[in-house]
Amino acid sequence: MSQSNQILYDADKVHFQYQLGHQRIEALREVTFQIKAGDLVCLSGPSGSGKSTLLNLLGLIEPMQTGNIFFQGHSLKKLNENQKNQLRKFELGFIFQHFHLFPVLTAEENIEYFLFRQGLPKKERVLRAKKSLESVGLWSHRHKKPLEMSGGQRQRIAIARALAKHPKVILADEPTASLDQKTGAEIMSLFLQANQERGTTLIVSSHDPMVVNYCKNKINLRDGLTVVQQESHHVSTSCH
Ligand code: ADP
Ligand code: MG
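Presented here is an overview of the structure given in this document. These figures come from a predicted structure and were not determined experimentally. Per chain, the residues get numbers from 1 upward, laid out in the order the sequence is written. Chains carry letters from A onward and ligands carry numbers from 1 onward, assigned in written order. Only residues with pLDDT of at least 70 are given local features in this predicted model, and only at 80 or more are side-chain atom pairs given and counted; all residues enter the totals for whole chains, interfaces and linings. To get the side-chain values, all heavy atoms of the structure are used, and hydrogens and water are removed first.

1. With respect to helix α6 (residues 181-198)
Then comes step 1: Helix length check: α6 (18 residues) gives 26 Å between terminal C-alpha atoms against 26 Å at 1.5 Å per residue, within 8%.
Then comes step 2: Accessible area is worked out with a 1.4 Å probe on protein chains only. A residue is then buried under 20% of its type maximum, exposed over 50%, and partly exposed in between. What counts as a helix is a DSSP run of H or I of at least four residues, what counts as a strand is a run of E of at least two, and both are numbered from the N terminus. Looking at α6, one finds that the buried residues are T183, G184, I187, M188, L190, F191, A194 and N195. Buried residues of α6, viewed axially, fall in a sector of 150°; they line one side. Exposed side of α6, more than 90 degrees from the buried face: Q181, K182, Q196 and E197 are the residues found there.
Then comes step 3: Side-chain atoms alone can form a polar contact between residues adjacent in sequence; in general such a contact is a pair of N or O atoms within 3.5 Å, and within protein one must be able to donate a hydrogen while the other accepts it. Structurally, the start of α6 carries an N-cap: the backbone nitrogen of K182 is 3.0 Å from a side-chain oxygen of D180.
Then comes step 4: Of the residues one or two after α6, G199 is the one with positive phi, at around 70°. For a helix, the expected span equals 1.5 Å multiplied by the residue count minus one. Along the arc lie the directions from the helix axis toward the C-beta atoms.

2. Some words on the pairing of strand β6 (residues 92-95)
Then comes step 1: Residues of β6 alternate between two faces, with L92 and F94 on one and G93 and I95 on the opposite face, all of them buried.
Then comes step 2: Inspection of the sheet shows β6 paired to strand β7 (residues 169-173) by four bridges, in the parallel sense. Pairing of L92 across the sheet is with V169, part of β7. Strands pair, by our definition, only if DSSP identifies at least two bridges between them.

3. Brief notes about the layout of surface pockets
Then comes step 1: Both site types are read off a 1 Å grid over the protein atoms alone. A 1.4 Å probe that fits but cannot get out defines a cavity, while an open set with protein on both sides within 12 Å along at least five of seven lines defines a pocket; lining residues have an atom within 4 Å of a point. Grid points are joined across faces, edges and corners, and a volume is the space filled by probe spheres set on the points. Its volume calculated, the largest pocket comes out at about 350 Å³.
Then comes step 2: If you trace the largest pocket, you find 17 residues lining it, with R88, F96, F114, R117 and K165 closest to the centre.
Then comes step 3: Those elements giving two or more residues to the lining of the largest pocket turn out to be α2 (81-90), β6, α3 (107-117) and α5 (151-164).
Then comes step 4: Side-chain classes are defined by residue name, with Ala, Val, Leu, Ile, Met, Phe, Trp, Tyr, Cys and Pro counting as nonpolar, Asp, Glu, Lys and Arg as charged, and the others, Gly among them, as polar. Across the lining of the largest pocket, the residue classes tally to eight nonpolar, four polar and five charged.
Then comes step 5: Each pocket or cavity is described by its volume, and for the second largest pocket that value is around 240 Å³.

4. Section: helix α4 (residues 122-135)
Structural remark: α-helix, 3.6 residues per turn; residues separated by three or four positions point the same way.
Then comes step 1: Its 14 residues give α4 an end-to-end C-alpha distance of 20 Å, which sits within 8% of 20 Å, the value for a rise of 1.5 Å per residue.
Then comes step 2: Among the residues making up α4, those that are buried are R125, R128, A129, S132 and L133. Down the axis of α4, the buried side of the element spans an arc of 125°, and every buried residue falls inside it. With respect to the buried face of α4, the exposed residues turned more than 90 degrees away are K123, L127 and K131.
Then comes step 3: Residues count as neighbours in contact if any of their non-hydrogen atoms are within 4.5 Å of one another. At its buried positions, α4 is contacted by α3 and α5.
Then comes step 4: The positive-phi residue at the C-terminal boundary of α4 is G137, with phi of around 75°.

5. Topic: the site of ligand 1
Then comes step 1: One heavy atom suffices: a residue is near a molecule or strand as soon as one of its heavy atoms comes within 4 Å of it. In the vicinity of ligand 1, the contacting residues are Y18, L20, I25, A27, P46, S47, G48, S49, G50, K51, S52 and T53.
Then comes step 2: Between an oxygen atom of ligand 1 and a main-chain N or O atom of S49, the distance comes to 3.2 Å.
Then comes step 3: K51 places a polar side-chain atom, nitrogen or oxygen, 2.8 Å from an oxygen atom of ligand 1.
Then comes step 4: Computed by Shrake-Rupley with a 1.4 Å probe, the accessible areas treat only the displayed protein chains as cover when residues are assessed. Expressed as a share of its isolated accessible area of 560 Å², the protein-covered part of ligand 1 is 66%.

6. A closer look at the environment of L57
Then comes step 1: Looking at where L57 falls in the secondary structure, it is placed in helix α1 (residues 51-58).
Then comes step 2: In sequence terms L57 and F16 are 41 residues apart; their C-alpha atoms lie 9.1 Å from each other.
Then comes step 3: Not counting chain neighbours up to four residues away, the residues in contact with L57 comprise V14, F16, L28, E62, P63, M64, I69 and L76.

7. So, the pattern of salt bridges
Then comes step 1: Every case where a carboxyl oxygen of Asp or Glu lies within 4 Å of a side-chain nitrogen of Lys or Arg is listed as a salt bridge. Per the counting criterion, the structure on display carries eight salt bridges.
Then comes step 2: Here E81 and K84 are joined by a salt bridge, their closest N and O atoms 3.7 Å apart. Of this pair, E81 and K84 both sit in helix α2, three residues apart, which is roughly one turn of the helix.
Then comes step 3: A residue is classified by how much of its surface remains accessible, and E81, at 48% relative accessible area, is partly exposed.
Then comes step 4: The network of salt bridges with shared partners includes E81, K84 and R88.

8. Considerations on the packing of α4 against α5
Then comes step 1: To obtain an axis, a line is fitted to C-alpha atoms, over the contacting stretch when the element is a helix, and the angle between two such axes runs from 0 to 180 degrees between their N-to-C directions. Where α4 contacts α5, the two axes come as close as 9 Å, and the packing angle between them is 135°. Comparing their axes, α5 and α4 come out oblique. Judged by the twist between their axes, the crossing of α4 over α5 is right-handed. Judged by residue contacts, R128, S132 and L133 of α4 engage I157, A160 and A164 from α5.
Then comes step 2: Looking at side-chain class alone, the contact of α4 with α5 contains four nonpolar, one polar and one charged residues. Here the word oblique covers every angle except those under 35 degrees (roughly parallel), over 145 (roughly antiparallel) and from 65 to 115 (roughly perpendicular). A clockwise turn of the near helix away from the far one marks a right-handed crossing, whereas an anticlockwise turn of less than a right angle marks a left-handed crossing.

Here is the structure:
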C-alpha cells in the first residue's frame, strides 16, 4: 500500500472540556475526521472554535477525554507515557503559537537540542540545524537567544526546529500569525517542500487565506464541531 493511502489520524467523536474553577468549557463537542499520510490540511474556524485544543490532542499534548483518536492505527487512549514520548520525539513536529523556545539557548542550540534528544550524531545535528536556519533566512542570527529576536524571527526559529527533526507530521498552530505576507508565503513553501521531499503531513491552524489556499484539505470548526471536511470521500460531518 502506498504511503499516501494510509490513514494517519482517525478522529472519532472527539469531545474535550476544560475545567475552569467550577465552570466547564466545552472546547470540542463532536469532532470526526480522517487525515491521510501526506495530506496538507488547514484547520480553520473563528477564534475560540477549538483549533488549538484539537492540535494539542493530535500532538499528544493534552490527554484524550471522550471519543478517540487513532494515530497510525494506534488508539491514543491506549498508549503509555513512554510510547507517547517516542511519538513526540520522532514522529511529531509541533509549532506552538507562542513558540516555546528555550530562553537560555541560542537559536542554533534550540534546534540542536531537539535533534540531540532524537539521538542524532553531532555531525548530523550541526548539518540539519544549519540547513533549517538557512531555509528560514536566520543563519546569521544563529548565536542569538530568543529574547534578542523579534516575534517573527522567533516564529521562524520554532518552524526551523520542527522542520529539522524531519517529523512524519508537522502540527502548526497559526504559524504565519506573526509573519508578514511574504515571509508567511516562504514558510508555507518550506512546508510544501518537506511534504514533497519527505511526504511530511502538514496540519496547520490558520485564518490566513494564503495558508488556506496552500492546503488541499480543509477541516472547519465551529463551536467545537466539525462542520465541513472539504475535499473528498473521507468526509465526515457532524453538524448538529
Ligand atoms: P482556537 O484555537 O480556535 O481559538 P481554543 O482551542 O484555544 O480555540 O479554545 C476553545 C475553547 O476552549 C474556547 O472557548 C477557549 O476559551 C477555551 N479554552 C482554551 N484553552 C483553555 C484553558 N486552558 N482553560 C480553559 N478554557 C480554555
Ligand atoms: Mg488557537
